[in-house]
Amino acid sequence: MNRLVLLACLLLFGATAAHAQYAGSFARFGFGARAISMGGALTADVFSGASPYHNAALAPAMPTQALEVSAALMTFDRQLQHLQFATPLRPRAGIAGGIVHGGVTGIDGRDGSGYHTEDYATNEYAFFLAFGTRISERIAGGIGLRLYRADLFEGVSPPTSLGVSLGLTGKVTDDLALGLAVDDLLAKYDYDTSDVLGSGGGAGTDRFPVRVRAGASYRVAGGRGVINAEVETQVQTTEVASVTGIGTTVGLPAPEVTQEELRFSDVQFRIGGELWLAQPF
């Protein structure tokens, strides 16, 4: 089978159409079922106990100790699970930690003649820790650490990386809050496929996009509901090789290659809301 094609597919696992070219897409779905139902717009949600995974500055707003577990079975044999424990550190701080796992099973392996060889699977993990504290009565700041690991293919050492996240929240009024978060600073996957038989590969680097999110949260219906909105900008830097001419190597013609660094950006908008019709519902 063409293992180079397989490795490319594994690195693109789980990506949405907007992020198919970016590493670590499994960690950007949001944390848990509530994040999905709220459209992922939780950067400034200080009123409803949103996970500090979305913004470390939300940690002081956790109302009580909580254990959260969620799992999703998705199309194309994809899986996504979350586990988090969070607790306030009275009177001013809070902390949360957990793991996000994404995977794909049933990848159909084929040899060079097109015959089935075996089924393959990939697994990616994000271990995270978020700490936040109140700077003043209305303003809170936080820092988050994420350790990423990707199990891609036998013969390829699992790449690991540490990403840093920064966050800030502020209550403008008793019913309106603003938030700002920067995610995945320094995060990247370094891998080497040169030892994989028949891959024709080599060493490479996939950088995580740096995410900058700004959001607002507004309480409605006398505090029984909340409306959240946020805008996100992703900045991705990559190196592209281009042939600029023909030279000679040991007397033979050879292409002259120039490395150029390119920067891409993408902007998204999200909105979501919830309403408590009654205390248990």
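Owing to the predicted nature of the structure, the values given are computational and were not obtained by experimental measurement. (Residues numbered from 1 in each chain as written. Predicted model: local features only at pLDDT ≥ 70, side-chain atom pairs only at ≥ 80, totals over all residues. Heavy atoms only, no water.)

## Side note on a negative patch on the surface
Now for step 1: Taken together, Asp-77, Glu-118, Asp-119 and Glu-154 make up a surface patch of like negative charges.
Now for step 2: Looking at the element boundaries, Asp-119 is found in strand S4 (residues 116–134). (Patch = residues over 30% accessible without salt bridge, like charges linked within 9 Å, V, L, I, M, F, W, Y side chains within 5 Å. Areas by Shrake-Rupley, 256 points an atom, 1.4 Å probe, with all protein chains shown as cover. Salt bridge = Lys/Arg side-chain N within 4 Å of Asp/Glu carboxyl O. Lys, Arg positive; Asp, Glu negative; His and termini not counted. Charge placed at Lys NZ, Arg CZ, Asp CG, Glu CD. Helix = DSSP H or I, 4+ residues; strand = E, 2+ residues; numbered from the N terminus.)

## As for unusual backbone geometry
Now for step 1: Along the chain, Arg-90 connects to Pro-91 via a cis peptide bond; the corresponding omega equals 10 degrees.
Now for step 2: Here Pro-91 shows up in the loop between strand S2 (78–89) and strand S3 (93–110).
Now for step 3: The backbone phi angle of Phe-76 is positive, close to 60 degrees, even though this residue is not glycine.
Now for step 4: Mapped onto the fold, Phe-76 is located in the loop between strand S1 (66–73) and S2.

## Describing the pattern of salt bridges
Now for step 1: For the structure shown, the criterion picks out 13 salt bridges.
Now for step 2: Its salt-bridge partner being Arg-211, residue Asp-183 comes within 3.8 Å of it at the nearest N-O pair. Taken together, the residues span a long stretch of sequence, with Asp-183 in strand S7 (residues 176–185) and Arg-211 in strand S10 (residues 210–220) at a distance of 28 residues. Like Asp-183, the residue Arg-211 is buried in the burial classification.
Now for step 3: Among the charged side chains, a salt-bridge network with shared partners connects Asp-183, Arg-211, Arg-213, Glu-230, Glu-232 and Arg-270. (Buried < 20%, exposed > 50% of the residue type's maximum accessible area, 1.4 Å probe, protein only.)

## Focus on the packing of aromatic side chains
Note on aromatic pairs: each is described by the distance of the centres and the angle between the planes.
Now for step 1: As enumerated under the stated definition, the model contains seven aromatic pairs in all.
Now for step 2: Arranged with centres 5.6 Å apart and planes meeting at 75 degrees, the rings of Phe-31 and Phe-128 form a pair that is edge-to-face. One end of the pair, Phe-31, is in the loop between helix H1 (3–11) and helix H2 (32–37); the other, Phe-128, is in strand S4, with 97 residues separating them in the sequence. A single burial state applies to Phe-31 and to Phe-128, both of which are buried.
Now for step 3: Ring geometry for Tyr-53 versus Phe-128: centroids 5.0 Å apart, planes at 70 degrees, classification edge-to-face. With Tyr-53 in the loop between H2 and S1 and Phe-128 in strand S4, this residue pair connects regions lying 75 residues apart in the sequence. The burial state of Tyr-53 is the same as that of Phe-128; both residues are buried.
Now for step 4: One aromatic cluster in this structure is built from Phe-26, Tyr-148, Tyr-189 and Phe-208.
Now for step 5: The ring of Tyr-53 has Arg-146 sitting right over it, with the charged end atom 4.1 Å from the ring centre. (Phe/Tyr/Trp six-rings, centres within 6.5 Å; stacked < 30°, edge-to-face > 60°. Lys NZ or Arg CZ within 6 Å of the ring centre and 35° of its normal.)

## Brief notes about the nonpolar core
Side chains of a nonpolar character, in soluble globular proteins, are inclined to be buried together.
Now for step 1: Ranked by size, the top nonpolar core spans 20 residues in total, and within it Phe-26, Tyr-53, Val-100, Tyr-148, Tyr-189 and Phe-208 carry the most contacts.
Now for step 2: When residues of this core are traced back to their parent elements, those giving at least two are S3, S4 and strand S5 (139–151).
Now for step 3: Dropping the residues within four chain positions of it, Val-100 is found in contact with Phe-26, Phe-31, Tyr-53, Leu-80, Gln-81, His-82, Glu-124, Tyr-125 and Ala-126. (Core = buried A, V, L, I, M, F, W, Y, C linked by side-chain atoms within 4.5 Å. Contact = heavy atoms within 4.5 Å.)

## A word on a nonpolar patch on the surface
Now for step 1: Taken together, Leu-89, Phe-127, Leu-129, Phe-131, Ile-143, Leu-145, Leu-147, Leu-162 and Leu-166 make up a surface patch of nonpolar side chains, about 750 Å² in accessible area.
Now for step 2: Elements with a contribution of two residues or more to the nonpolar patch: S4, S5 and strand S6 (160–171).
Now for step 3: Positionally, Ile-143 belongs in strand S5.
Now for step 4: Look at Ile-143 and you get partly exposed, because its relative accessible area is 41%.

## Brief notes about the side chain of Glu-230
Now for step 1: Among the structural elements, Glu-230 can be located in strand S11 (residues 225–249).
Now for step 2: A distance of 2.5 Å separates a polar atom in the side chain of Glu-230 from a polar atom in the side chain of Thr-43.
Now for step 3: Setting aside chain neighbours within four positions, we find Glu-230 in contact with Gly-40, Ala-41, Leu-42, Thr-43, Arg-213, Ala-214, Gly-215, Gln-268, Phe-269 and Arg-270. (Polar contact = N/O pair within 3.5 Å; in protein donor to acceptor, adjacent residues only side chain to side chain.)

The values reported here are purely geometric and, on their own, carry no functional implication.
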